[in-house]
Amino acid sequence: MNDQTPQEASGDEAAKDPSPDEPKDIRQQEEPPPPIPDDEDDTVPVTARLPREDEERRLREENLNRLQTTQSAYNSVFFQTAGGDVFIGDQGQRVQIEVYDEESLRERRRACVLTSSMEQLSRHLDHTSLLGLDGDPGTGRMFAAVHALSLWAAQGGPLNRKVAWLRASDLGRLTADDLPYHHGFVLDAGDMLHRSKVDDLCRGLQKAVEARQARLVVLTTGPSPAELRTVRHDPPDHVKVFSVHADTAIRRKGLPRLSLPDELYAWGRDATSPAMSALRAQIAVDGIATGETPEQIKATQPDPLRGVVQDMLSSATPMHRCFLISAAVLTDVPIVIVSRAANALAEHLGIEPGRPGANGEAADWEWLREWVKGVDYTIEGTSRRLRLSRPEMAAVVLEEVWEEGQSIREGVLAWLDTLTRHAQREIKMKAAHAIGKLASYDYTLISAEFFRPWTSGQPGRSRRWLAPWALEAAALDERSVVRVRRQLRDWSGASAEKRLAAAQAYGSHIGRSDPEEALQSLQRILLRSAAGQTQIHDAVSRALTEVYGPASGVLVIDELVKWVETGHPGLRRTMALTLTRLTAMRGTNRPRLDLGAFTAEEWTGAEPKIVQLWLDALACGVFSSIKHSINRPVHEVWTSLAQWIGRWDDDPRVRRVLSEIFSACPPDLRSPLAFHLRQWSHTRALSPRISRHLHGFMKGHTR
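Residues numbered from 1 in each chain as written. Predicted model: local features only at pLDDT ≥ 70, side-chain atom pairs only at ≥ 80, totals over all residues. Heavy atoms only, no water.

## A closer look at the overall build of the protein chain
Applicable threshold: Only DSSP runs of H or I reaching four residues or more are called helices, and only runs of E reaching two or more are called strands; each is numbered from the N terminus. Here a residue-residue contact requires only that any non-hydrogen atoms of the pair lie within 4.5 Å. With residues, only the protein chains shown are counted as cover, and all accessible areas are computed by Shrake-Rupley using a 1.4 Å probe.
Looking only at helices and strands, the protein chain features 32 helices and 9 strands. In the protein chain, once contacts between residues fewer than 6 apart in sequence are set aside, the share between residues at least 24 apart is 73%. Counting every atom, the protein chain has about 30300 Å² of accessible surface; 50% of that belongs to carbon and sulfur.

In C-alpha cells form, the structure reads like this:
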C-alpha cells in the first residue's frame, strides 16, 4: 500500500479541533520555498519538489526576460518599414492580416535591388498559388517576397489586388474563410513546416489560397518540405542596397545635388545584413543633409541603449570591463560573487586583477564605487545583490562583447564554462543562459564547444540542466530558434543523455510555443527509453506540466489518454506523474489543471477523459502496479487525490470527477481507495461526512 498520505494531524492536534465533523485543510499551505538544491533527485516525491521547481521557474523566466535584447524589438520595427523579416503584433489573435499601402509598395519598388531569386519568384507567381522562399532571417526575404507579390498585384487590373503580411498561430487551422479575395500574402512559417503531416498542411494552405484566387509566399529556413515548391533566397549585395536606399532617400528629401563620401559607402558595406545597410543609408543621408561629419554619422546608434553600452565599455579600464561583463551575466546575485567572477574573467583574458587594498581587501570600497558606474545594487539584509540599472543592458553587453570583442571571445567562453561548474545552481543557470544567448551569433561554434559535451557520455547530475537552460535562451532569438527546434527533434531519438536534455528543454517557452511538436517529441523520447529510466519519466512529466495551459489543455489531455490506451509502461507512468503535477495544490494557488478554465463544450469531452486518467494514475500508484511493468509506483498521486477531495465543497466540477472516480473504480482499486479513505478520516484530514459519501459511491449507493 501507499505510505504517502495527506497532511496528517497528531492526536493532540485533533483533540484541540473545535469542529470534529469538519476536515482539516489538507491543501498545502504557502511557505517560502527552500533554497534550490544543486540538482533534484527523482526519488523525492513530486509533491515535495513542486515549490522548488516553481521558484526555479521564476528565476529562469526573470533571467530570460533580461536576455531578450532590445535589438530584437528594434529590428522588428525597422524591418517592417525597410525590408526585413519580422513584425510586431498582437500574438493573441489566431489570424492577423496587415495590408501594405500603395505608397509603401511603390517606395519598395524604387529601392529594390533585383536578384536572381526575386526574378524567379516573380515568374512562378504568375501561375503558382503557393511558393516557399528559403533563406536565413535578416537577409531581406520579406522585402523580396513583398516586392514579387507587388509585381503580381500590379498586373491584376480591375481585380484590385492587394499585398498583405499574414500571421497564423496554427497553420493547420487556416481556411479560405480566414482570407480575403485577390490578395498576395507573405507568411513567415518559422519552424511550422518542419513537422509531421506537412503534406496535409501544404495541401490545406494551397486549397485555401486557390479558393480566394490569391497567392501565398511562405518564408522558410533550412530544408523545405518536398510538398512546397521553394525558391532559394539570394541576398542582395550590401553596397548596392546602401546605394539604392541612399539615392531613394536623397530623392525623397529633394536634394539632387547631395552626395555621400566614400567613407560612408564603406560603412554601408560593413553592415551585417541588407536591412542594416538600408538603415545606414537613411542615417547617412539624414546626417549629411544636416551638416554632420562622417564620424558623427557613424557614431549614430539606432538603439540608444547600445550607444550607452558601447560608451561604457570603450571608456572603462580593462578591469572595469570585466566587471561589467560579469554583472551582465550574473545580475541579481550577491555582489561578492560578481566581483570574484570579474577577477576570474580578468585572469582568463590575461589582465592583472585589481588589488586595491592590502591583502586584496578594499576597506572603503572605493574601487567598487568606480566599478558600479552604470549599474545599481540593492542591499537585502547582509547580502549586497547587484542589479543592472536597466535589465535589458545584459543582452546588449553580451552582444557587444561578441560582435566587437573578437580577440576576447575564447577567454569569455572559457570563463563561462568555469561558471557552469560553480557550486550554486543559480550561477550555473545564468552562465548557461549567457552561453545560449551567444549561440544566436554562432550556433555551430557554441554547439560544438558546449551542447555536444554537455550531452555526451555521463555529464554528471549537477550538469544535466546546462544544455536545456542554454537552449531555452538560444530559442529566444529568431536567428537560432529554428536550429534549436531541429536539434531537439534530433535529440528526441538519440542517446539517453540527449533525450533527457530534450525533454527538459521542452519544459519551457519552447514547448509552450508549439505544444503539438512538443507532445510528439516527448512521446518519441519515452518510446525510445527503457522502463527503468525513471529520470526521463520525471523530466517528460515536468515538461508536460509546463506545456499545459488554457490554449493547450484539451490537446494535452487528449494525448495523455492516448498514452494510457497504448498500455506502454513508460507512457502510463509518465502520465501518472504528469497528472500528479497538474492536480497538486501549489500553496494558495489553484492547481495547473483548473477545471473551471474549460468552456462548457470543452468540459463535455474532457470530463470522462480526466476520470479515465485519474483511474489509471491511481492504478500506477499502488505496489501491485509492479506486476504490470510499472518500474516504480507513483505513490504521490494519492496525495494529489487527497488534496482534490479537500476541494469537494468548493468546486462542482471537482465533485463530479471525484464522484465518477469512486463510482467507476475497478475491483483492484477499491481496497486501496477504501484504505486511504479510512486513513484520512482517522487522521482528521477528511471529514466523516465526505468519507461516508465516497464510500457510498464505491458501493453503488449513490451516483
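## Here we look at the confidence of the model for the protein chain
Formally: How sure the predictor is of each residue is captured by pLDDT, a score from 0 to 100.
On average, residues of the protein chain score 79 in pLDDT, and 79% of them reach the 70 mark or higher. Low pLDDT (under 50) marks residues 70–92, which in the prediction has 58 contacts with non-local residues, meaning those over four places away or in another chain. Counted against residues more than four places away or in other chains, residues 355–365, with its pLDDT under 50, gives 7 contacts.

## What about helix H6 (residues 141–154)?
How we decide: Working rule for helices: expected span equals 1.5 Å times residues minus one. Burial classification: accessible surface area is computed with a 1.4 Å probe over protein chains only, and a residue below 20% of its type maximum counts as buried, one above 50% as exposed, and the rest as partly exposed.
Between its first and last C-alpha, H6 extends 20 Å over 14 residues, near the 20 Å set by a 1.5 Å rise per residue. Of all 14 residues in H6, 12 are buried, a share of seventy percent or more. Burial in H6 covers these residues: Arg141, Met142, Phe143, Ala144, Ala145, Val146, His147, Ala148, Leu149, Ser150, Trp152 and Ala153.

## Comments concerning the packing of helix H24 (residues 515–527) against helix H26 (residues 553–566)
Put simply, the rule is: Between N-to-C directions, angles span 0 to 180 degrees; the directions come from axes that are lines fitted to C-alpha atoms, helices contributing only their stretch in contact. Orientation labels follow simple angle bins: below 35 degrees gives roughly parallel, above 145 gives roughly antiparallel, 65 to 115 gives roughly perpendicular, and whatever is left gives oblique. By definition, turning the near helix anticlockwise from the far helix through less than a right angle yields a left-handed crossing, and turning it clockwise yields a right-handed one. Only Asp, Glu, Lys and Arg are considered charged in this grouping, and only Ala, Val, Leu, Ile, Met, Phe, Trp, Tyr, Cys and Pro are considered nonpolar; every other residue, Gly among them, is considered polar.
Put simply, H24 and H26 touch, their axes get as near as 11 Å, and they point 20° apart. For the element pair H24 / H26, the angle class is roughly parallel. At the point where H24 passes H26, the crossing takes the right-handed sense. Contacts between H24 and H26 pair Pro515, Glu516, Leu519, Gln523 and Leu526 from the former with Leu555, Val556, Glu559 and Trp563 from the latter. Of the residues belonging to the contact of H24 with H26, the class tally is 6 nonpolar, 1 polar and 2 charged.

## Concerning helix H20 (residues 466–474)
The buried fraction of H20 amounts to 9 of the 9 residues, a majority that puts the element mostly inside the structure. Inspection of H20 places Leu466, Ala467, Pro468, Trp469, Ala470, Leu471, Glu472, Ala473 and Ala474 among the buried residues, and these make up the whole buried set.

## Observations regarding the nonpolar core
Here is the rule: Buried Ala, Val, Leu, Ile, Met, Phe, Trp, Tyr and Cys residues that are joined via side-chain atoms within 4.5 Å together make up what is termed a nonpolar core.
In terms of nonpolar packing, the biggest core is built from 136 residues, with Phe451, Leu593, Ile610, Trp614 and Ile645 touching the most fellow members. Here the element with the most residues in this core is helix H28 (residues 600–619); it accounts for 9 residues. Apart from the residues within four sequence positions on either side, Phe451 is in contact with Ala439, Tyr443, Ile446, Ala470, Leu471, Gln487 and Trp491. Ranked by size, the runner-up nonpolar core spans 23 residues in total, among them Leu133, Ala145, Leu219 and Val231.

## As for the pairing of strand S5 (residues 215–220)
Counting buried residues in S5 gives 6 out of 6 residues, a clear majority hidden from the surface. By the alternation rule, side chains of S5 split into Arg215, Val217 and Leu219 and Leu216, Val218 and Thr220, which are all buried.

## Considering the pattern of salt bridges
Operational definition: What counts as a salt bridge is simple: a side-chain nitrogen of Lys or Arg found within 4 Å of a carboxyl oxygen of Asp or Glu.
A complete count under the given rule lists 29 salt bridges for this structure. One salt bridge connects Arg425 with Glu56, and the closest N-O pair in it is separated by 2.7 Å. Placement of the pair is Arg425 in helix H18 (residues 425–439) and Glu56 in helix H2 (residues 46–67), with a sequence separation of 369 residues. Arg425 sits in the buried class, given a relative accessible area of 6%. Glu56 gets classed as buried once you look at its relative accessible area, which sits at 4%. Of the charged contacts, one joins Asp616 and Arg572 as a salt bridge, the two residues approaching to 3.0 Å between their closest N and O atoms. Taken as a pair, Asp616 in helix H28 and Arg572 in helix H27 (residues 569–583) lie far apart in primary sequence, 44 residues in all. Arg572 matches Asp616 in its accessibility class, with the two residues each being buried.

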